[in-house]
Amino acid sequence: MAGNSPERKKKMTAQHRREEIQKRLDNAQGPLSASALAAQLGVSRQIVVGDIALLRAAGAHIIATPRGYQKGSTGVRILVACCHDGGEGLRRELYAVVDNGGVVEDVIVENPLYGEITGRLHITSRYDADIFVEKAARQPDCLLSSMTGGAHLHTIICPDEETGVRIREQLAGQGLLYENKGGAR
C-alpha cells in the first residue's frame, strides 16, 4: 500500500489529482462527497471542490447532487411541465420517471423576482425518490413548486426517445402534466 502513503499523496500533482478524481467518479456506484474524496486524496475539501470546478470547465460530465458528486448522465433530455401539490403527487411523479428508465435531473420554477430558479435533483431510483419525498414532507415550504402553486418543470434524462414518450404518457395518465388552455409554460 505504498501508493496510498501520506508521502505519495503529498507528491501528487494537481493534474494527477484531477485525473484520480475523474477515475474515482467514473468507477463509483453512487455519489461521492467532496469530503470523502478529500480524505482519500489527502487534501482539503476546498481543493476537491476547486478540482471538480476545473474538470467541469474542461468539459467533464460531473454533476453535484445532494449526496455528492457523480458522473453525469448522458442520453436524450426532455423537459416536462408538471403540477401537483407535493406529497403523494410528488412521489407518483418521481416514480413515473424512474420506473420508466428516466432520471429526474432537476426542477425548474419561474419566480417574478429572480426569473428561472433551478434545483439539482438527480433522482435515479425509487430509493432516491423516497428520500426526497421524506425530506419534502418535513420541509414542505422548501419545495420550489410551493412558490408556483405546484407548477414546475423537470429536465429528464432518458436513454432514448421512446423512454421519453413513455414517461410523458404515464405522467399524463396520472394527471400530473401541467396543461393550460394557453399552453404549458
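Values in this document were obtained by computation on a predicted structure and should not be read as measured data. (Residues numbered from 1 in each chain as written. Predicted model: local features only at pLDDT ≥ 70, side-chain atom pairs only at ≥ 80, totals over all residues. Heavy atoms only, no water.)

Chemist: Account for the overall build of the protein chain, with residues named and values stated.
Modeler: Within the protein chain one finds 7 helices and 6 strands. Within the protein chain, buried positions represent 41% of all 185 residues. Restricting to contacts in the protein chain with at least 6 residues of sequence separation, those with at least 24 account for 69%. Accessible area of the protein chain: about 10500 Å², with a carbon and sulfur share of 52%. (Helix = DSSP H or I, 4+ residues; strand = E, 2+ residues; numbered from the N terminus. Buried < 20%, exposed > 50% of the residue type's maximum accessible area, 1.4 Å probe, protein only. Contact = heavy atoms within 4.5 Å. Areas by Shrake-Rupley, 256 points an atom, 1.4 Å probe, with all protein chains shown as cover.)

Chemist: Can you lay out the pairing of strand β1 (residues 62-65) for me, pointing to particular residues and giving the numbers?
Modeler: Looking at chain direction, β1 and strand β2 (residues 68-71) are connected through 4 bridges and run antiparallel. Bridge pairing in β2 places Ile62 opposite Lys71. Between the end of β1 and the start of β2, which pair antiparallel, lie 2 residues. (Pairing = 2+ DSSP bridges.)

Chemist: Can you explain the confidence of the model for the protein chain? Please cite residues and give values.
Modeler: Confidence in the prediction for the protein chain averages 87 pLDDT; 90% of positions are at 70 or higher. Of all secondary-structure elements in the protein chain, the lowest mean pLDDT belongs to helix α1 (residues 6-11), at 50, while helix α7 (residues 161-173) reaches the highest, 95. Ignoring residues within four places in sequence, the model shows residues 181-185, a span with pLDDT below 50, making 5 contacts including any to other chains. (pLDDT = per-residue confidence, 0-100.)

Chemist: Please give an account of the sheet that holds strand β3 (residues 76-83) that cites residues and values.
Modeler: Reading across the sheet, the 4 strands line up as β3-β6-β4-β5 and stay open at both edges, with antiparallel pairing between neighbours. Two strands bound the open sheet, and with one partner strand each, they are β3 and β5 (115-123). On average, each strand axis in the sheet is inclined to that of its neighbour by 25 degrees, with strand direction left out of account. Two elements, strand β4 (residues 103-111) and β5, share 7 bridges in a ladder whose sense is antiparallel. Across the sheet, the residue bridging to Asn111 is Gly115, located in β5. (Axes fitted to C-alpha atoms, helices over the stretch in contact; angles between N-to-C directions.)

Chemist: Break down the side chain of His84 for me, with residues and values.
Modeler: With respect to the helices and strands, His84 occurs in the loop between β3 and α5 (87-98). Look past the residues within four positions of His84 in its chain and what remains in contact with it is Gly89, Leu90, Glu93, Gly150, His152 and Leu176.

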